[in-house]
Amino acid sequence: MEKNGNNHKLRVCVATCNRADYSKLAPIMFGIKAEPQFFELDVVVLGSHLIDDYGNTYRMIEQDDFDIHTRLHTIVRGEDEAAMVESVGLALVKLPDVLNRLKPDIMIVHGDRFDALALATSAALMNIRILHIEGGEVSGTIDDSIRHAITKLAHYHVCCTRSAEQHLIAMCEDHDRILLAGCPSYDKLLSAKNKDYMSIISMWLGEDVKTRDYIVALQHPVTTDIKHSIKMFELTLDALISFNKRTLVLFPNVDAGSKEMVRVMRKKGIEHHPNFRAVKHVPFDQFIQLVAHAGCMIGNSSCGVREVGAFGTPVINLGTRQTGRETGENVLHVRDADTQDKILHALQLQFGKQYPCSKIYGDGNAVPRILKFLKSIDLKEPLQKKFCFPPVKDNISQDIDHILETQSALAVDLGGTNLRVAIVSMKGEIVKKYTQLNPKTYEDRLALILKMCVEAASEAVNVNCRILGVGISTGGRVNPREGIVLHSTKLIQEWSSVDLRTPISDALHLPVWVDNDGNCAALAERKFGHGKGVENFVTLITGTGIGGGIVHQHELIHGSSFCAAELGHIVVSLDGPECLCGSQGCIEAYASGIALQREAKKLHDDDLLLVEGMSVKEEEIVSAAHLIQAAKLGNTKAESILRTAGTALGLGVVNILHTVNPSLVILSGVLANHYVNAVKDVINRQALSSVKTVDVVVSNLADPALLGAASLVLDYTTRRIY
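Residues numbered from 1 in each chain as written. Predicted model: local features only at pLDDT ≥ 70, side-chain atom pairs only at ≥ 80, totals over all residues. Heavy atoms only, no water.

Taking an unreviewed UniProt entry as the reference, the protein is identified by name as Bifunctional UDP-N-acetylglucosamine 2-epimerase/N-acetylmannosamine kinase belonging to Geospiza parvula. The protein has a UniProt comment under Pathway (unreviewed entry) that states "Amino-sugar metabolism; N-acetylneuraminate biosynthesis." The UniProt entry for the protein carries the following text under Subcellular location (unreviewed entry): "Cytoplasm, Cytosol". (UniProt positions renumbered as here; feature names shortened; annotations may be inferred.)

In structure tokens, the structure reads:
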């Protein structure tokens, strides 16, 4: 004891709640008792140990010649969720008096049971050091949460596997206070003598039973899904009856749902069935021999995935109660034990096999390591435990304006020519932008989107931006609820029935929103532009194509089949030019960049485009810009084409005014300035007097597609109603 600086024996309180935790604690208790020069041992017994229906298992503690200092009746009967809570409360009421009398230096707590949570809570609040056995493991049900809660309360940790040790470190526990010892029960398992195992088998299963020709069944309720676990137990019993092998069935533990499981046993006559032996408890030494020589073990007990591996006995693990546990190759998992045939098939696969012995959970030397660890505890060290948090980059500022400024979105704009990705701040500032040519094939396009998004997300850290999600603006018809491009324009090839949300969300672990580019332009105006605070307005994009979005009562309209606001395909002439959509006389066929380019090329082919002051190089492609330049320089034919285009667009706007009656029309895109006056003239000539007062303005947003994609994220990351 000189090593730890203590000048008295270490007073250790071991509290045991049930038969399962005693099998882990007993080897430690024997080790402590064997070294009276170093330790004083106090044993507290509570929980199901003291209940007749669960075997009065406190008697095995007495048979092991331990003096029980205190017996606490803490179980409130009822075997439901409320009874579990009340049992924890009852234990919390009774334990302080016991701990005040004992005044232990350290309390040893095992595992993940609700009783253990009461023990750890009491000890922590009464400034008693806690040594937690089997922390860091992962399994299913509420036990996981309880185990990790006890870890946070405990000062010292004894874990069984390397993975459990790493989990504890990841949970910010002090590495110096973690001991990788292995499971204490393995000290007994790996040294168990089996010379008298036949008498044990005969006693519990009958004299006519041979080794490897019987089954051990141990199934507990799953407290987070009691109804399903009862059904699963019923299916298990049906499968065992059909399998027709001698079976030792142990009663379930005291968790919520156990009473219903016992009712199922009795309903099926298990206690009187010639093939079954139903028992409340088997002493651990004898239980070891029974599972070591069984043809199979079935159920959802941690014993099946932990201790039984030491013997290579086949195990069928049912349901989710042990999900996440490390197991040997002897364990066959039946996660969805939802049919009798599935469980029966598992029995047929596993029964009678012999697997290699597994030492995942221990090498038989856990107790010596634990005793050495106990002796090293210095009671003069501060009681207040410290957590080893990973280093965190200091915040530049804690000012609320700064925090809001750094909240950002990744915006993606899928244009007919370019693919652009940008980091956009909450205020609409484009912090960083990346541009590449949009690939022609689906695979190349998706790969490039992922690559650019990953690069931008990495760069966001360097520019102090916290990315809230990814917004994608794309041409075509989009289902924004599912993030799917239903079908696109001819400008973006191989872009139909494309799920954009899933691959990008999986790659970046961020929420992803997708919408049509016209809708995104309207969202950009609503958040950053002329539409801010306006209840009803319409945005028209005048670019390569014609698109738009309608905002009604502050909300974007998508329509029943996500086809609302296809404003470019409003028909303004029955015999007009052919549109890319296959129809004739659409606004887009007159006023889009593609339409103007088509007309410019016709003029150029007829030598009617160029006027004094302009030229087109031989390798240069004639574009809408040349048509606009020619009109400015006095080319009357170019002027006429632009006037017709503006009139077509104006007629489309009049149709919109008569349909949805917005208070504002916003023209966006590279051609907006060329069309705004023409649109106003058509409204004055053609519209009803009640809508002639509508404002028609040109967008002042530099990049509405990217800003709209960003607003998908920035508007909806907290609202979740989009």
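Text resumes after the structure shown.
Caption draft 1: Structural context of the overall build of the protein. Looking only at helices and strands, one finds 24 helices and 26 strands in the protein. Judged by the C-alpha coordinates and their principal axes, the protein covers about 110 × 60 × 50 Å. Going through the 722 residues of the protein one by one, you find that 55% of them count as buried. Contacts spanning at least 24 positions in sequence make up 67% of the contacts within the protein whose residues lie at least 6 apart. With the model as given, the accessible surface of the protein reaches about 31,400 Å², and the carbon-plus-sulfur share is 51%. Positive and negative charge centroids in the protein, built from 75 and 84 side chains respectively, lie 4 Å apart. (Helix = DSSP H or I, 4+ residues; strand = E, 2+ residues; numbered from the N terminus. Buried < 20%, exposed > 50% of the residue type's maximum accessible area, 1.4 Å probe, protein only. Contact = heavy atoms within 4.5 Å. Areas by Shrake-Rupley, 256 points an atom, 1.4 Å probe, with all protein chains shown as cover. Lys, Arg positive; Asp, Glu negative; His and termini not counted. Charge placed at Lys NZ, Arg CZ, Asp CG, Glu CD.)

Caption draft 2: Examining the sheet that holds strand 21 (residues 512-516) more closely. Here five strands make up an open sheet; going across it, the order is 16-15-14-17-21 and the pairing mixed. What marks the edges here is a single partner per strand, and that holds for strand 16 (430-437) and strand 21. Within this sheet the neighbouring strands show an average axis-to-axis angle of 15 degrees, counted without direction. When strand 14 (residues 407-414) meets strand 17 (residues 466-474), the two strands line up parallel, connected through seven bridges. Bridged to Gln407 within strand 17 is Arg466. Relative to strand 21, helix 18 (residues 517-528) is tilted by about 105 degrees, and along the sheet it contacts strand 17 and strand 21. (Pairing = 2+ DSSP bridges. Axes fitted to C-alpha atoms, helices over the stretch in contact; angles between N-to-C directions.)

Caption draft 3: Local environment of the sheet that holds strand 24 (residues 555-556). Pairing is mixed across the open sheet formed by five strands, whose spatial order is 24-23-22-25-26. Both outer strands of the open sheet, strand 24 and strand 26 (695-698), are each paired with one neighbouring strand and no more. Bridge count between strand 25 (residues 664-668) and strand 26: four bridges; the pairing is parallel. In the sheet register, Ile666 faces strand 26, and the bridge partner there is Val697. On top of the sheet, helix 18 reaches strand 22 (537-542), strand 23 (546-552), strand 24 and strand 25; it is set at about 125 degrees to strand 22, its chief contact. Packing of helix 23 (residues 672-686) onto the sheet brings it into contact with strand 22, strand 25 and strand 26, and relative to strand 26 it is tilted by some 170 degrees.

Caption draft 4: Geometry of the pairing of strand 21. Within strand 21, five of the five residues are buried, which leaves it mostly tucked inside the rest of the structure. Summarising the sheet, strand 17 and strand 21 pair through five bridges and their orientation is parallel. By the bridge assignment, Gly471 is partnered in strand 21 with Trp513.

Caption draft 5: Inspection of the pattern of salt bridges at higher detail. For the structure shown, the criterion picks out 40 salt bridges. Linking Arg162 and Glu165 is a salt bridge whose minimum nitrogen-to-oxygen distance equals 2.8 Å. Of this pair, Arg162 and Glu165 both sit in helix 6 (residues 162-170), separated by three residues, roughly a single helical turn. Between Asp213 and Lys245 there is a salt bridge, with the nearest N and O atoms lying 3.0 Å from each other. Within this pair, whereas Asp213 is found in the loop between helix 8 (197-205) and strand 8 (214-218), its partner Lys245 is found in the loop between helix 9 (226-243) and strand 9 (246-250), the two being separated by 32 residues in sequence. What makes Asp213 partly exposed here is its relative accessible area of 30%. Where salt bridges share partners, they join Lys24, Asp112, Glu134, Glu137, Asp144, Arg147, Arg306, Glu307 and Arg325 into one cluster. (Salt bridge = Lys/Arg side-chain N within 4 Å of Asp/Glu carboxyl O.)

Caption draft 6: Local environment of a negative patch on the surface. A cluster of acidic residues, Asp80, Glu81, Glu86 and Glu260, forms a negative patch at the surface. Summarising the element assignment, Glu86 is placed in helix 3 (residues 81-102). Given the relative accessible area of 45%, Glu86 is considered partly exposed. (Patch = residues over 30% accessible without salt bridge, like charges linked within 9 Å, V, L, I, M, F, W, Y side chains within 5 Å.)

Caption draft 7: Representation of the nonpolar core in the model. Among the nonpolar cores identified, the biggest contains 61 residues, and Ile298 and Leu347 are the most heavily contacted of them. With nine residues, the single largest contributor to this core is helix 9. Those residues in contact with Leu347 that lie beyond four places of it in its chain are Ile215, Ala239, Leu240, Phe243, Cys296, Ile298 and Ile316. Counting residues in hydrophobic clusters, the runner-up holds 43 residues, among them Met614, Leu667, Val679 and Val694. (Core = buried A, V, L, I, M, F, W, Y, C linked by side-chain atoms within 4.5 Å.)

Caption draft 8: Up close: the packing of helix 21 (residues 624-632) against helix 22 (residues 636-660). Closest axis-to-axis distance for the helix 21/helix 22 pair is 7 Å, and the angle between their directions is 115 degrees. Along this stretch, helix 21 crosses helix 22, giving a crossing that reads as left-handed. Contacts from Leu627, Ile628, Ala630 and Ala631 of helix 21 reach helix 22 at Ala638, Glu639, Ile641 and Leu642. When the residues that make up the contact of helix 21 with helix 22 are grouped by side-chain class, the tally is seven nonpolar, no polar and one charged. (Left-handed = near helix turned anticlockwise from the far one by under 90°. Nonpolar A, V, L, I, M, F, W, Y, C, P; charged D, E, K, R; others polar.)

Caption draft 9: Here's a closer look at the packing of aromatic side chains. Taken as a whole and judged by the stated rule, the model has five aromatic pairs. Aromatic pair Phe243 and Phe351: ring centres 5.4 Å apart, planes at 75 degrees, arrangement edge-to-face. Taken together, the positions of Phe243 in helix 9 and Phe351 in the loop between helix 13 (340-350) and helix 14 (366-376) put the pair 108 residues apart, joining distant regions of the chain. Phe351 shares its class with Phe243; the two are buried. For Lys33, the ring lying beneath its charged end belongs to Phe66, and the centroid distance is 5.2 Å. Here Lys375 stacks its cationic end above the ring of Phe38, 4.3 Å away from the centre of that ring. (Phe/Tyr/Trp six-rings, centres within 6.5 Å; stacked < 30°, edge-to-face > 60°. Lys NZ or Arg CZ within 6 Å of the ring centre and 35° of its normal.)

Caption draft 10: How the structure looks around the UniProt feature "active site" (unreviewed entry) in the protein. With numbering aligned to this structure, UniProt lists the feature "active site" (unreviewed entry) at Asp517. Within the fold, Asp517 resides in helix 18. A residue is classified by how much of its surface remains accessible, and Asp517, at 26% relative accessible area, is partly exposed.

Caption draft 11: Geometry of unusual backbone geometry. Residues other than glycine seldom take positive phi values, yet Gln553 does so here, at roughly 50 degrees. Mapped onto the elements, Gln553 comes out in the loop between strand 23 and strand 24. At Phe562, a residue that is not glycine, the phi angle is positive and equals roughly 60 degrees. Looking at the element boundaries, Phe562 is found in the loop between strand 24 and helix 19 (587-591). Accessibility expressed as a relative area gives 16% for Phe562, which makes it buried.

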